[in-house]
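Structural overview for review
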Amino acid sequence: MAEKDKVTIVLFSGEMDKALAALNIAVGAASMDMEVTIFFTFWGLNVIKRNDAKVRSKGILRQMLNFMNKGGSKRLPLSRMNMLGMGPWMMGKLMKEAKFPTVEELVNLAHDMGVKFAACTTTMGFMGLTKDVFLPTVDVYCGVATYLVEAKESKVTLFI
Amino acid sequence: MAEKDKVTIVLFSGEMDKALAALNIAVGAASMDMEVTIFFTFWGLNVIKRNDAKVRSKGILRQMLNFMNKGGSKRLPLSRMNMLGMGPWMMGKLMKEAKFPTVEELVNLAHDMGVKFAACTTTMGFMGLTKDVFLPTVDVYCGVATYLVEAKESKVTLFI
Amino acid sequence: MAEKDKVTIVLFSGEMDKALAALNIAVGAASMDMEVTIFFTFWGLNVIKRNDAKVRSKGILRQMLNFMNKGGSKRLPLSRMNMLGMGPWMMGKLMKEAKFPTVEELVNLAHDMGVKFAACTTTMGFMGLTKDVFLPTVDVYCGVATYLVEAKESKVTLFI
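How each quantity is defined
- Residues numbered from 1 in each chain as written.
- Chains lettered and ligands numbered in written order.
- Predicted model: local features only at pLDDT ≥ 70, side-chain atom pairs only at ≥ 80, totals over all residues.
- Heavy atoms only, no water.
- Least-squares fit on C-alpha atoms with pLDDT ≥ 70 in both.
- Contact = heavy atoms within 4.5 Å.
- Patch = residues over 30% accessible without salt bridge, like charges linked within 9 Å, V, L, I, M, F, W, Y side chains within 5 Å.
- Areas by Shrake-Rupley, 256 points an atom, 1.4 Å probe, with all protein chains shown as cover.
- Salt bridge = Lys/Arg side-chain N within 4 Å of Asp/Glu carboxyl O.
- Lys, Arg positive; Asp, Glu negative; His and termini not counted.
- Charge placed at Lys NZ, Arg CZ, Asp CG, Glu CD.
- Helix = DSSP H or I, 4+ residues; strand = E, 2+ residues; numbered from the N terminus.
- Buried < 20%, exposed > 50% of the residue type's maximum accessible area, 1.4 Å probe, protein only.
- Buried area = accessible area lost by both parts, 1.4 Å probe.
- Polar contact = N/O pair within 3.5 Å; in protein donor to acceptor, adjacent residues only side chain to side chain.
- Pairing = 2+ DSSP bridges.
- Axes fitted to C-alpha atoms, helices over the stretch in contact; angles between N-to-C directions.

Side note on the relation of the copies chain A and chain C
- Least-squares fitting of chain A to chain C yields an RMSD of 0.0 Å, with the transformation described by 0.0 Å of translation along the axis and a rotation of 120 degrees. Expressed as an axis order, the relation between the two copies is that of a three-fold axis.
- The two copies present different faces, since only 15% of the interface residues in chain A are matched by interface residues at the equivalent positions in chain C.

So this is what it looks like as structure tokens:
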């Protein structure tokens, strides 16, 4: 049996528009029978945080960071024209009108189609994040070595 | 006859500096006899909008978006040090002095060298953009599937 | 003898978080016996500027640019939550606590592990930067053609 073509995406950015682009490529590739992995790292981890997560971290700095960087698919800003949160609301309205799925819906769709979700343990370490903060859609918790093993076998490698 | 090596770039960003990087790589690759495709999506569509385009979209939100996100190669901000438009003007001056081409010149040069320009129909859909807004240099209007077919045959895949 | 798998990264961004991601992937790949090249271009050049460099450029605009865009691994902002420099300081503290290396340490580590550092001469040209501004860790000064020759032989190509 022939091996499937692979697509490996690093999602470093935590913005709604970039998350949509990453998930859209992932879902497209999965529907073309390609094997897709998304490695969520740094701000990108916000995309797969539970919207109702309570982060309990130690130390005042880490608490500040996690208060400001709450995350969850419903709290993602836009990379442009964020306008204190009006941008994402506006974009959400426009996409709904065009029957385009939300980040949350795309995360679930991607997961159902077999896209593999990997969360970067290095970032989790210094941000003081634990597994219970994340969606059950996360398949693997891993570091850069696991990413590279996948990436070097992939036809398409992207950093978003 | 041997097939040409392919380079496939997603241009998601609408900033002048990122557009310059993408176009510079594209022109370089084309001059090395590689086959290059740039997929313009999201804010990246601004790079290939006509500078004199009049966007007529329906609905107040879409009109606001297209008013604020006018686009065209002469209206691109910088990703850093934009300073309300002074940054791009300054960068333009410096590049002119160094005899480096503008975004507009690079778009035309790339097109003349056979770089394929693809515009993302999904973004056009929810932003309410029609084909008449874009430069005649656009070769294809397509979705993520067409991108992936090219990308998986490419030696170099980038997301900018 | 089999050829090594290659990883080629364009580091376009000059932010601390993106530099950390690029260097972390580079160090990871090098430790897995892959051949890694990082092409520093545009704002990314700031990562490999000497912290004590004195840029002497001609023309008032170029002087302004180089004053505002001083660079050096200790002066990199964050792509999010920069908060006038408080963000990078905070992030630095958190990473130190987690025993994660700084940008400077990662640059040296990467270099020691054989990661190739290439600086983009085109950007240097219009920004008015000369070789004495950069760290001795830079291996090559080159343009887009050299990048493409490496990239098309690489298993993993990223634009960060």
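Anyway, onward from the coordinates.
Some remarks on a positive patch on the surface
All names here are of chain A.
- A cluster of like positive charges, contributed by Lys54, Arg56, Lys70 and Arg75, occupies part of the molecular surface.
- With respect to the element layout, Arg75 can be found in the loop between helix H2 (60-68) and helix H3 (86-97).
- For Arg75, a relative accessible area of 39% puts it in the partly exposed group.

Focus on the interface of chain B and chain A
- Between chain B and chain A, the residue contacts involve 27 residues of the former and 30 residues of the latter.
- Of the roughly 2,600 Å² buried at the junction of chain B and chain A (both faces included), carbon and sulfur atoms supply 76%.
- Summed over the shared surface of chain B and chain A, the number is 2 salt bridges.
- Notably, a salt bridge pairs Arg62 of chain B with Glu97 of chain A, separated by 3.1 Å at the nearest N-O pair.
- Taken together, the links from chain B to chain A amount to 5 residue pairs in polar contact (both at pLDDT 80 or more).
- Breaking the side of chain B that touches chain A down by element, the ones donating at least two residues are helix H2 (60-68), helix H5 (121-127), helix H6 (144-151) and strand E5 (156-159) of chain B.

Quick notes on the sheet that holds strand E4 (residues 140-142) of chain C
All names here are of chain C.
- Spatial strand order, E4-E3-E2-E1-E5: 5 strands in an open sheet with parallel pairing. In this open sheet, the two strands that pair with only one neighbour each are E4 and strand E5 (156-159). Taking the axes of each pair of neighbouring strands and ignoring which way they run, one obtains an average angle of 20 degrees across the sheet.
- Alignment of strand E1 (residues 6-11) against E5, held across 4 bridges, turns out to be parallel. Its bridge partner being in E5, Val10 is matched across the sheet by Phe159.

Some thoughts on the pattern of salt bridges
All names here are of chain A.
- According to the stated counting rule, one finds 21 salt bridges over all chains in the structure shown.
- In this structure, the salt-bridge partner of Lys6 is Glu150, at a minimum N-O distance of 3.4 Å. Of this pair, Lys6 sits in strand E1 (residues 6-11) while Glu150 sits in helix H6 (residues 144-151), and the two are 144 residues apart along the sequence.
- Counted as one network, the salt bridges with shared partners bring together Lys6, Lys116 and Glu150.

These figures capture arrangement, not role.
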